[in-house]
Amino acid sequence: MAAWICVAVLFVACVMLYREITKARKVSGALYQEVNGKNIAMERAAQAIEISRTHITDLTDLADTLQTTLDFQRVQYDKLANQKKSSEVRVGMITEQIAAFLSDYPLNPADARFIGSPIDIVSFGADKITFVEVKSGKSQLSKRQREIRDMIKAGKVDFIVY
């Protein structure tokens, strides 16, 4: 009978061990699935990061290209602006020289003498002498021209014989 008791105890121990092993397998399977799920999530996250890096690289390249284009266009704009300004100056200089012969010139062209700088024209009329500064567009009197205008208005004009 003692052998049967040993067999029974051994049988109960085996059943209990089998239950513990079954529980351990279930826990192990759940942990495996959880780890596997996390691995899948990590792989997807790594793929997303790589795609983001590719997009960042593409956007950086695009930004560099746009900056290069902008720099080139700034240089072109500066060239055109300088050419325009130069053309305006040339047109202004030509206009100064022919102003006395234009139809809307307010004085007698025969009395006009072109000087050019600092005042463009001196007109020697029959009863007065007129200083004429020709301006076009948005141009304004220079500091020296304003000083001359103010001296004329103040009567600070002389005539000398040398």
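Structure shown above.
Quick summary incoming for the structure in this document. Bear in mind that the values here come from a model prediction, so they are computed numbers and not experimental data.

Turning to the pattern of salt bridges, a few remarks are in order. What the rule picks out here adds up to 7 salt bridges. The salt bridge partner of K135 is E133, with a shortest N-O separation of 3.6 Å. Assessed through its relative accessible area of 35%, K135 is described here as partly exposed. Linking D150 and R149 is a salt bridge whose minimum nitrogen-to-oxygen distance equals 3.1 Å. Here R149 falls in the partly exposed class, since its relative accessible area comes to 34%.

In this structure, the largest pocket occupies an estimated 430 Å³ of space. Along its surface, the largest pocket is lined by 21 residues, and E88, V89, G92, S136 and S139 are the ones closest to its centre. Residue composition of the lining of the largest pocket, by class: 5 nonpolar, 9 polar and 7 charged. Here the second largest pocket is characterised by a volume of approximately 260 Å³. Lining the second largest pocket, in full, are V122, F124, I129, F131, I148, M151, I152, K156, V157, D158 and F159. Those elements that provide at least two residues to the lining of the second largest pocket are β2 (121–124), β3 (129–132) and α2 (143–153). A per-element tally of the lining of the second largest pocket places α2 first, with 3 residues. Of the residues that constitute the lining of the second largest pocket, the class distribution is 9 nonpolar, no polar and 2 charged.

So, how was this worked out
Residues numbered from 1 in each chain as written. Predicted model: local features only at pLDDT ≥ 70, side-chain atom pairs only at ≥ 80, totals over all residues. Heavy atoms only, no water. Salt bridge = Lys/Arg side-chain N within 4 Å of Asp/Glu carboxyl O. Buried < 20%, exposed > 50% of the residue type's maximum accessible area, 1.4 Å probe, protein only. 1 Å grid on protein atoms, 1.4 Å probe; cavity = no way out; pocket = protein on both sides within 12 Å on 5 of 7 lines; lining within 4 Å. Points joined across faces, edges and corners; volume = space filled by probe spheres on them. Nonpolar A, V, L, I, M, F, W, Y, C, P; charged D, E, K, R; others polar. Helix = DSSP H or I, 4+ residues; strand = E, 2+ residues; numbered from the N terminus.

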